[in-house]
Amino acid sequence: MFIDILTLFPGMFSGPFEHSIMGRARERDLLEINLVDIRDYTKDKHSVTDDYPYGGGAGMVMKVEPIFRAVEDVKKDRPSEVPTVLLSPQGRTLNQDLVKEYSTCKGLILICGHYEGVDERVRENIITDEISIGDYVLTGGELPAMVLVNAVARMLPSVLGDEDSIKEDSFFEGLLGYPQYTRPREYRGLKVPEILLSGDHARIKRWRSKQALKRTLLRRPDLITKKKLSGRQEKLLAEIREELGDDK
Ligand code: SAM
């Protein structure tokens, strides 16, 4: 998969994309990241990328021309169906379903805003999607782009050592993940649940399913309401509700 990132600050991406799983995915050509400096698409002597807002007001707005030119240039070599995504606090909130969907695309073109954001004509004319990473405002779209790329990259085939682990992550199946433990089996009197040491895989599987459901019920009941539970999960949930002794 390729991801073209249009930004005024390409240098911000060097650390996060060089290490760990992201670095290895790039080394193994599973993920191609192409950083595009929007400033390279200015035509004036001072390479101006922002200007005062029409109508007055605080801050600067990213100019329309360099962004149009950068997107058009990048798209020349890319399949036409690739999403062009503006990172924006006003967009649809990123979630795991959307991440899964993006991970099946051949590529993505991401536009990072800065200052007070981009000229509205960008939003109206050249993007296909507008994505937010949450209801708060950051100084630029670079960190949101890194979040999106990281989440998408780990869904790509062969990027993670054990691909099955994805399926047990929070949100993959619409629930939170189950609790995890590792050695030592006892630390300062704090013990690992006996069942995980039992070697009984069927019981461990059941325990994990139940813990995932319990966690989700207690922390994110909205996910339980949205999810279509299997018969087995319904039974476990009934058990949990009884144990909790309330009407959760
Ligand atoms: N004036 C804009 C508004 O009220 O919506 C906020 C602009 S913000 C300071 C500058 C840039 O940061 C945005 O254009 C966007 O690219 C990025 N940004 C900030 N918060 C974001 C978020 N929660 N999700 C995605 N991008 C965000």
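In this text, all values refer to a predicted model and were calculated from it rather than measured experimentally. (Residues numbered from 1 in each chain as written. Predicted model: local features only at pLDDT ≥ 70, side-chain atom pairs only at ≥ 80, totals over all residues. Heavy atoms only, no water.)

### Considering the site of the ligand
Where we set the bar: Whether a residue is near a molecule or strand depends on its heavy atoms: if one lies within 4 Å, it is near. Here a polar contact is taken to be a pair of N or O atoms separated by no more than 3.5 Å, where protein atoms must pair a possible hydrogen donor with a possible acceptor and residues adjacent in sequence count only if both atoms sit in side chains. The accessible surface values rely on the Shrake-Rupley method and a 1.4 Å probe; as for residues, cover is taken only from the protein chains in view. Going along the chain from the N terminus, every DSSP run of H or I of four or more residues is numbered as a helix, and every run of E of two or more is numbered as a strand.
Around the ligand, the surrounding shell holds 20 residues, and the nearest of these are L87, Q90, G113, Y136 and L138. G140 places a main-chain nitrogen or oxygen 3.4 Å from an oxygen atom of the ligand. G141 places a polar main-chain atom, nitrogen or oxygen, 3.5 Å from an oxygen atom of the ligand. Protein coverage of the free-state accessible area of the ligand, which is 580 Å², stands at 85%. Of all the secondary-structure elements, those providing two or more residues to the shell around the ligand are β5 (84-93) and β7 (129-132). Sorting elements by how many residues they give to the shell around the ligand places β5 first, with 4 residues.

### Here we look at the pattern of salt bridges
Rules: Any Lys or Arg side-chain nitrogen found within 4 Å of a carboxyl oxygen on Asp or Glu counts as a salt bridge. Buried residues are those whose accessible area, probed at 1.4 Å on protein chains only, stays under 20% of the maximum for their type, while exposed residues exceed 50% and partly exposed ones sit between those limits.
This structure, assessed with the given rule, holds 15 salt bridges. For D73, the salt bridge goes to K76, with nearest N and O atoms at 3.0 Å. Relative accessible area serves as the criterion here: at 28%, D73 is assigned to the partly exposed category. The shortest N-O distance in the salt bridge between D222 and R220 comes to 3.0 Å. With relative accessibility at 33%, the residue D222 sits in the partly exposed group. Look at R220 and you get partly exposed, because its relative accessible area is 30%. Because the salt bridges share partners, they merge into one network encompassing R206, K210, E239 and E243.

### Description of the sheet that holds strand β6 (residues 107-112)
Hydrogen bonds along the backbone pair up the strands of a sheet, which may run parallel or antiparallel. The condition is simple: Pairing between strands is defined by DSSP: at least two bridges between the two strands are required. Lines fitted to the C-alpha atoms define the axes, with helices restricted to the stretch that makes contact. Angles between their N-to-C directions range from 0 to 180 degrees. Any two residues whose heavy atoms approach within 4.5 Å are treated as being in contact.
Spatially, 5 strands are ordered β2-β1-β6-β5-β7 in an open sheet, and the strand pairing comes out parallel. The strands lining the two open edges of the sheet, one partner per strand, are β2 (32-37) and β7. On average, each strand axis in the sheet is tilted by 35° relative to the strand beside it, whichever way the strands run. One ladder, built from 6 bridges, connects strand β1 (residues 2-7) with β2; its direction is parallel. Residue pairing in the sheet places I5 in a bridge with L35 of β2. Strands β1, β2, β5 and β6 of the sheet are contacted by helix α6 (residues 142-153), whose axis makes an angle of about 160° with β6.

### Some remarks on the nonpolar core
This is how the line gets drawn: Throughout, nonpolar core names a set of buried Ala, Val, Leu, Ile, Met, Phe, Trp, Tyr and Cys residues whose side chains join them through atoms within 4.5 Å.
Counting 32 residues, the largest nonpolar core has I3, I5, L31, L110 and V149 as the members making the most contacts within it. Breaking this core down by element, the ones donating at least two residues are β1, α2 (20-27), β5, α4 (96-103), β6 and α6. Ranked by the residues each element gives to this core, the list is headed by α6, at 7 residues. Sequence-distant contacts of I3, that is, excluding residues within four places in its chain, are made with L31, E32, I33, N34, L108, L110 and V149. In terms of nonpolar packing, the next biggest core, distinct from the first, is built from 20 residues, L6, V74, I126 and I127 among them.

### What about the domain arrangement of the chain?
What counts is decided by this rule: An automatic or database domain assignment is the source of the domain bounds shown.
As assigned here, the chain comprises domain 1 (2-155) and domain 2 (186-243). Spacing between the C-alpha centres of domain 1 and domain 2 amounts to 39 Å.

### A closer look at the packing of α4 against α6
Two numbers describe a pair of packed helices, the interaxial angle and the distance between the axes. Just so we agree on the cut-off: Oblique is the label for any angle not covered by the other classes, which are roughly parallel (under 35 degrees), roughly antiparallel (over 145) and roughly perpendicular (65 to 115). Gly is placed with the polar residues, together with every amino acid not listed as nonpolar (Ala, Val, Leu, Ile, Met, Phe, Trp, Tyr, Cys and Pro) or charged (Asp, Glu, Lys and Arg).
Contact geometry for α4 and α6: axes closest at 9 Å, N-to-C directions at 70°. In terms of orientation, α4 lies roughly perpendicular with respect to α6. The residues of α6 that touch α4, namely those facing V99, Y102 and S103, are L148, A151 and V152. The class makeup of the residues in the contact of α4 with α6 is 5 nonpolar, 1 polar and no charged.

### What to know about helix α3 (residues 64-75)
Here is the rule: Take the number of residues in a helix, subtract one, and multiply by 1.5 Å to get its expected span.
Between its terminal C-alpha atoms α3 stretches 17 Å, which fits the 16 Å expected from 12 residues at 1.5 Å a residue. Considered for burial, the residues of α3 that qualify are V64, P66, I67, A70, V71 and V74.

### Concerning the side chain of H114
One can find H114 in the loop between β6 and α5 (120-125). With relative accessibility at 12%, the residue H114 sits in the buried group. At 3.1 Å, the side chain of H114 forms a polar contact with the side chain of E142. Beyond its immediate stretch of four places on either side in the chain, H114 contacts L8, F9, M62, T139, G140 and E142.

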